[in-house]
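# Coordinate inspection notes
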Amino acid sequence: MGIQITPSILNADFAALGDEVARIPNADWVHVDVMDNHFVPNLTFGPTMVEALRARTDVPLDAHLMIDDPDREAMAYVEAGCSSVTFHVEAAAAPVRLARELRSHGARASMALKPATPVEPYEDLLPELDMLLLMTVEPGFGGQKFLDLVLPKIKQARALMDKHGVETWLQVDGGISLDTIERCAEAGADVFVAGSAVFSADDPDAMVGALRRAAESVG
Ligand code: DX5
Ligand code: ZN
């Protein structure tokens, strides 16, 4: 599939999200950060808002659920029009069942790991997943500093994917910018979330292109 750039709207203008997503036509996905003030100490929006956003862009939606009880809540985001849904393994009661349920309803199934959660225990789950998200900040807020300590885990995850011969995408999220994207690409990531880097740029769509070129320059 190659390199994909998925801007997060967390740092966009929440009072004008329809206009904000129209500013990034060259994004591969729009990354929507759902927070419940329990799994993370921040609150964003739910499926109704996501459904409204879906009507305002042709770019597919990539939901990142930072919520408790994704087993019960995740399907609402498929119904709201998300083509990819990511749940956190730290919150899921039955990740295999949940991934299969997402896939059976036509969505891409994705699982996220916080920075301190190791990847090896989940090696056997990789064939069940369309994407693995490795957080490169503690989830909850945009604009945080990239955690270099996650780089070895990115390499490890890529090696496990190669070992199993799976097509699982490897997404990184948190502190991704022109300063950090190349080291993530070098480590093996191929899907890049960028929030503040894109929406604090004068031309967000040009930043999407610049990030893509930087990641593609690593080879
Ligand atoms: C953080 C969110 C991220 C966030 C990224 O918990 O999951 O998607 O919006 O923002 P930046 O790119 O500013 O770190
Ligand atoms: Zn996110």
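Everything discussed here concerns the structure shown above.
In this report, we go over the structure that sits alongside the text.

Moving on to the nonpolar core. The nonpolar side chains of a soluble globular protein tend to be buried, and buried together. Residues Ile 9, Leu 102, Leu 132, Ile 154, Cys 184 and Phe 192 are the most contacted members of the largest nonpolar core, which totals 69 residues. Excluding residues within four positions of it along the chain, Leu 102 makes contact with Ala 74, Met 75, Val 78, Val 85, Phe 87, Ala 107 and Ala 109. One finds Met 35, Phe 39, Val 40 and Ala 91 within the second-largest nonpolar core, a separate group that totals six residues.

Below, the discussion takes up the site of ligand 1. Around ligand 1 sit 20 residues in total, of which Gly 140, Gly 143, Asp 173, Gly 195 and Ser 196 are the nearest. Here Gly 140 contributes a backbone N or O atom positioned 2.7 Å from an oxygen atom of ligand 1. The contact in question runs from an oxygen atom of ligand 1 to an N or O atom on the backbone of Gly 143, over 2.8 Å. Burial of ligand 1 by the surrounding chains reaches 100%, relative to a free accessible area of 380 Å². Put simply, ligand 1 lies in the largest pocket. When contributions to the shell around ligand 1 are tallied by element, the ones reaching two or more residues are strand E2 (30-35), strand E3 (61-66) and strand E8 (191-194). Here the element with the most residues in the shell around ligand 1 is E2; it accounts for three residues. Taken together, the residues that form the shell around ligand 1 break down as eight nonpolar, 10 polar and two charged.

Moving on to unusual backbone geometry. The backbone of Asn 37 sits at a positive phi, close to 65°, despite the residue not being glycine. Looking at the element boundaries, Asn 37 is found in the loop between E2 and helix H2 (47-54). Phi is positive for Asp 69, close to 55°, though the residue is something other than glycine. Judged by relative accessible area, which is 35%, Asp 69 ranks as partly exposed.

In this section: the coordination of the zinc ion (ligand 2). For the zinc ion (ligand 2), the full set of protein donor atoms is His 31 (NE2), Asp 33 (OD), His 64 (ND1) and Asp 173 (OD), and the range of their distances to it is 2.1 to 2.3 Å. Because the angles between the six donor atoms bound to the zinc ion (ligand 2) fall within 72 to 172°, the donor set is best described as octahedral. For the zinc ion (ligand 2), the donor residues sit on a single chain with the sequence spacing H-x1-D-x30-H-x108-D. A residue is classified by how much of its surface remains accessible, and Asp 33, at 4% relative accessible area, is buried.

If you trace the eight strands from one edge of the open sheet to the other, you get E1-E8-E7-E6-E5-E4-E3-E2, paired in parallel fashion. In this open sheet, the two edge strands, each paired with only one partner strand, are strand E1 (4-7) and E2. On average, adjacent strands in this sheet sit at an angle of 25° to one another, irrespective of strand direction. By the bridge criterion, four bridges tie E1 to E8 in an arrangement that is parallel. Residue pairing across strands places Pro 7 opposite Ala 194, the latter belonging to E8. Packing against the sheet, helix H5 (residues 151-164) makes contact with strand E5 (108-113), strand E6 (131-135) and strand E7 (169-173), and its axis sits at approximately 165° to E7.

Definitions and cut-offs
- Residues numbered from 1 in each chain as written.
- Chains lettered and ligands numbered in written order.
- Predicted model: local features only at pLDDT ≥ 70, side-chain atom pairs only at ≥ 80, totals over all residues.
- Heavy atoms only, no water.
- Core = buried A, V, L, I, M, F, W, Y, C linked by side-chain atoms within 4.5 Å.
- Buried < 20%, exposed > 50% of the residue type's maximum accessible area, 1.4 Å probe, protein only.
- Contact = heavy atoms within 4.5 Å.
- Near = heavy atom within 4 Å.
- Polar contact = N/O pair within 3.5 Å; in protein donor to acceptor, adjacent residues only side chain to side chain.
- Areas by Shrake-Rupley, 256 points an atom, 1.4 Å probe, with all protein chains shown as cover.
- 1 Å grid on protein atoms, 1.4 Å probe; cavity = no way out; pocket = protein on both sides within 12 Å on 5 of 7 lines; lining within 4 Å.
- Sits in = over half its atoms within 2 Å of the grid points.
- Helix = DSSP H or I, 4+ residues; strand = E, 2+ residues; numbered from the N terminus.
- Nonpolar A, V, L, I, M, F, W, Y, C, P; charged D, E, K, R; others polar.
- Donors = N, O, S within 2.8 Å, 3.2 Å for Na, K, Ca; no water.
- Tetrahedral: all angles 85-135°; square planar, octahedral: opposite > 155°, others 65-115°.
- Pairing = 2+ DSSP bridges.
- Axes fitted to C-alpha atoms, helices over the stretch in contact; angles between N-to-C directions.

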